[in-house]
Amino acid sequence: MRFGYGVLALLVVALLTFTIFQPIQVLPRIGLGPGFSFVDQNGNHLTNEDLRGHLVLYTFTYTSCQGDCPQTSRTLQLVQAQLDQINTRGLPVDLVTISFDPARDTPQQLAAFAHQLGADLTNWHFVTGEPAALKNVIGSSFGFYYNQAADGTFTFDPAFVLVDGVGIVRAKYRTAELDLALVQRDLELIATEAQNSQGAARLAYEAAHLFLCYPK
Amino acid sequence: MNQQIAEEPTRPSQGDINMPRTPKSRYTLRRFWQMRSLLVLAVAILGAGFWWLRPYQFHGVYLQSPERAPNFTLIASAGAPVQLRDFQGKTVVLFFGYTACPDICPLRLAELKQTMKLLGEAANQVQVVLVTVDPLHDTAAHLKRYVSAFDPSFLGMTGSPAQIDAVATQFGIFYDPEPANVGTISHTGTITVIDAAGYVRLLFPAGLSTAEMAQDLAQLIR
């Protein structure tokens, strides 16, 4: 009997060690990313299924965004420039800028905007779609507000969302200026988990989710 | 080892004459061996305990979403509007498809039928729902006939195109008419599981066996 208590105590200590020292850290699986079919800067369709198996960083804007308007695309420019220094263990990373102004942001306009930013279009997509679909994706699914004023300008929450290869939201950043070190850490955490969570190691990673071993 | 001890010359004892005396170094050595076997035993029991108490490993993708699944209202195959919230207390297995679907939909519905069979009595606590991605053609009556052919307990749901759009988007489901194949719609084939409290808990991507899905569902219901 006393021996049983001893084992139980050891188990509790081991669990506490796991939760306190967090030998493995994971990003939480926050919720489902949206399903969509948008049109990109070349007039081609881009769907969430095209991005399956990729790590995707989304942001939202409109190309007539000037002056005080939060420049989320400039931030993605910095992310793209830094991508080659991030070890995603072979997992492709894609950047998606969604415009919520389809009336003015035609594919041609999006292409011009991308050119102006010097974006590398191999893994950076500039997309838009029907107003209702945009509201479903940005508003209902990702949960970010935007609204057009009478003068045509938009007010919106500058934000970025990180979605994993299975289509699950892993991080949301409510800011116009991303901390690049933070993005790098998060991309690497997801990539490491994707690479390692097979066989016995998967048990450890799932345990890390269960015990909420999330980074601070 | 024992022989060595037996060969040890007995020395005159200072205390009890019946007590064989072992030199101190040998005594601690034996203690050490005893301790070591105890230690091995403890580690073995600890390992077994961990194995016994190890968390169940889901075959599908497990989510600990802090937010409830988005609620929706659609027309059920019985003809009346039904909300997702109406199913609280039951585990909902959500799949998107359409009745004219040539390949993946009948395949996955047949898999779900088999999964329900494997679940046995626990299947009472599960509601399988097919939401159509072809609301222009799939009426409630049409859907009812279609899903009943797989399992009478399955429910079909339809609505206006705008409603279907909103629901599909929020559950991560893409769908688009195939340009090359008139009448067919390509769509995401993932199955989403919402627990009895209304949270998205599991994703079943294509490729899981019916036994694996049944095990996961049984674990979720428990």
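Nothing here was measured: the structure is a model prediction, and the numbers come from that model. (Residues numbered from 1 in each chain as written. Chains lettered and ligands numbered in written order. Predicted model: local features only at pLDDT ≥ 70, side-chain atom pairs only at ≥ 80, totals over all residues. Heavy atoms only, no water.)

Participant: Explanation requested: the overall build of chain B in the structure shown.
Facilitator: Counting its regular elements, chain B contains six helices and ten strands. In chain B, which comprises 222 residues, the share counted as buried stands at 42%. Of all intrachain contacts in chain B linking residues separated by at least 6 positions in sequence, the fraction that spans at least 24 positions is 70%. Approximately 12,700 Å² of chain B is accessible, and the part contributed by carbon and sulfur atoms is 58%. (Helix = DSSP H or I, 4+ residues; strand = E, 2+ residues; numbered from the N terminus. Buried < 20%, exposed > 50% of the residue type's maximum accessible area, 1.4 Å probe, protein only. Contact = heavy atoms within 4.5 Å. Areas by Shrake-Rupley, 256 points an atom, 1.4 Å probe, with all protein chains shown as cover.)

Participant: Explanation requested: the overall build of chain A in the structure shown.
Facilitator: Looking only at helices and strands, chain A features six helices and ten strands. Over its C-alpha atoms, taken along the principal directions, chain A stretches across nearly 75 × 35 × 30 Å. Burial statistics for chain A: of 216 residues in total, 49% are counted as buried. Looking at chain A alone, contacts between residues at least 24 apart form 73% of all its contacts between residues at least 6 apart. With 13 positive and 19 negative side-chain charges, chain A shows a spacing of 13 Å between the two charge centroids. (Lys, Arg positive; Asp, Glu negative; His and termini not counted. Charge placed at Lys NZ, Arg CZ, Asp CG, Glu CD.)

Participant: Is there a simple way to explain empty space enclosed by the protein in this structure?
Facilitator: Which parts of space are left empty comes out when a probe the size of a water molecule is rolled across the atoms. Applying the stated criterion across every chain yields a total of one cavity of 30 Å³ or more. In this structure, the largest cavity spans a volume of roughly 240 Å³. Taken together, 23 residues make up the lining of the largest cavity; nearest its centre are Asn48, Arg52, Val166 and Gly167 of chain A together with Gly172 of chain B. (1 Å grid on protein atoms, 1.4 Å probe; cavity = no way out; pocket = protein on both sides within 12 Å on 5 of 7 lines; lining within 4 Å. Points joined across faces, edges and corners; volume = space filled by probe spheres on them.)

Participant: Would you mind showing me how to read the pattern of salt bridges here?
Facilitator: Where charged atoms from two side chains of opposite charge come close, those side chains can pair. Residues and elements named next belong to chain A. Evaluation of the coordinates by the stated rule reveals ten salt bridges over all chains. Notably, a salt bridge pairs Asp164 with Arg170, separated by 2.8 Å at the nearest N-O pair. With respect to class, Asp164 is no different from Arg170; both count as buried. Beyond isolated ion pairs, a larger network of salt bridges with shared partners links Arg29, Asp164, Arg170, Glu193, Arg202 and Glu206. (Salt bridge = Lys/Arg side-chain N within 4 Å of Asp/Glu carboxyl O.)

Participant: How should the packing of helix α3 (residues 104-119) of chain B against helix α6 (residues 210-221) of chain B be read in this particular structure?
Facilitator: Each pair of packed helices can be described by the angle between their axes along with the distance between the axes. Residue and element names in this part refer to chain B. Relative orientation of the contacting elements α3 and α6 amounts to 55°, with a least axis distance of 8 Å. As summarised for this structure, α3 and α6 are arranged oblique, according to the angle between their axes. For the element pair α3 and α6, the recorded crossing hand is right-handed. In contact with Arg108, Glu111, Gln114, Thr115, Met116, Leu118 and Leu119 of α3, α6 contributes Thr210, Ala211, Met213, Ala214, Leu217 and Ala218. Residue composition of the contact of α3 with α6, by class: eight nonpolar, three polar and two charged. (Axes fitted to C-alpha atoms, helices over the stretch in contact; angles between N-to-C directions. Parallel < 35°, antiparallel > 145°, perpendicular 65-115°, else oblique. Left-handed = near helix turned anticlockwise from the far one by under 90°. Nonpolar A, V, L, I, M, F, W, Y, C, P; charged D, E, K, R; others polar.)

Participant: I keep staring at the nonpolar core and nothing clicks. Help me out?
Facilitator: Most often, soluble globular proteins keep nonpolar side chains buried together rather than apart. Within the largest apolar cluster, 60 residues are counted, with the highest numbers of intra-cluster contacts made by Phe96, Met157 and Phe171 of chain B. Those residues within four positions of Phe171 of chain B in sequence are excluded, and the remaining contacts are Leu32 and Gly33 of chain A together with Ala69, Pro70, Phe72, Leu84, Leu94, Phe96, Thr192, Ile194 and Val200 of chain B. (Core = buried A, V, L, I, M, F, W, Y, C linked by side-chain atoms within 4.5 Å.)

Participant: Help me understand the sheet that holds strand β5 (residues 126-132) of chain B in this model?
Facilitator: Two orientations exist for strands paired in a sheet by backbone hydrogen bonds: parallel and antiparallel. Residues and elements named next belong to chain B. The eight strands are arranged β1-β10-β9-β4-β5-β6-β2-β3 in an open sheet whose pairing can be described as mixed. Here the strands that pair on one side only, and so sit at the sheet edges, are β1 (61-62) and β3 (81-83). Here β5 runs beside strand β6 (residues 155-158); their pairing, made up of three bridges, is parallel. The residue of β6 that forms the bridge with Leu130 is Gly156. (Pairing = 2+ DSSP bridges.)

Participant: In this structure, what is going on with the interface of chain B and chain A? I would like to understand it.
Facilitator: When the parts of a complex come together, some accessible area is lost, and that lost area is often used as the size of the interface. Each side of the interface is counted separately: chain B has 33 residues, and chain A has 34 residues. Interface of chain B and chain A: buried area, both sides summed, is about 2,700 Å²; carbon and sulfur atoms make up 67% of it. Its largest share of buried area at the contact with chain A, chain B owes to Gln57, Gln64 and Thr169 of chain B, together 21% of the area lost on that side. The interface formed by chain B and chain A contains zero salt bridges. Across the chain B-chain A interface, the total number found is eight residue pairs in polar contact (both at pLDDT 80 or more). Elements represented by at least two residues in the side of chain B that touches chain A include exactly α2 (24-53), β1, α5 (161-170) and β10 (200-204) of chain B. Ranked by the residues each element gives to the side of chain B that touches chain A, the list is headed by α2 of chain B, at six residues. Split into classes, the residues belonging to the side of chain B that touches chain A amount to 18 nonpolar, twelve polar and three charged. (Buried area = accessible area lost by both parts, 1.4 Å probe. Polar contact = N/O pair within 3.5 Å; in protein donor to acceptor, adjacent residues only side chain to side chain.)

Participant: Looking at this structure, how should I read the domain arrangement of chain B?
Facilitator: Looking at the assigned domains, one finds that chain B contains domain 1 (19-53) and domain 2 (61-220). With centres defined by C-alpha atoms, the gap from domain 1 of chain B to domain 2 of chain B works out at 57 Å. (Domains from an automatic or database assignment.)

Participant: Can you walk me through the state of the cysteines in this structure?
Facilitator: Each disulfide is one covalent bond, formed between the sulfur atoms of two cysteines. Residue and element names in this part refer to chain A. Using the criterion set out here, one finds two disulfides over all chains in the structure. With a sulfur-sulfur separation of 1.8 Å, Cys65 is cross-linked through a disulfide to Cys69. Residues Cys65 and Cys69 are joined by a disulfide whose S-S torsion is about -105°; by sign, that bridge is left-handed. You'll find Cys65 and Cys69 in the same group, each marked buried. (Disulfide = S-S within 2.5 Å.)

Participant: Is there a simple way to explain the layout of surface pockets in this structure?
Facilitator: Its boundaries defined by the atoms lining it, the largest pocket holds a volume of some 560 Å³. In this structure, the largest pocket is lined by 29 residues; those nearest its centre are Ser37 of chain A together with Asp165, Tyr175, Asp176 and Pro177 of chain B. Only β2 (37-40) and α4 (131-141) of chain A together with α5 and β7 (175-177) of chain B provide two or more residues apiece to the lining of the largest pocket. Here the lining of the largest pocket takes four residues from α4 of chain A, the largest share from any one element.

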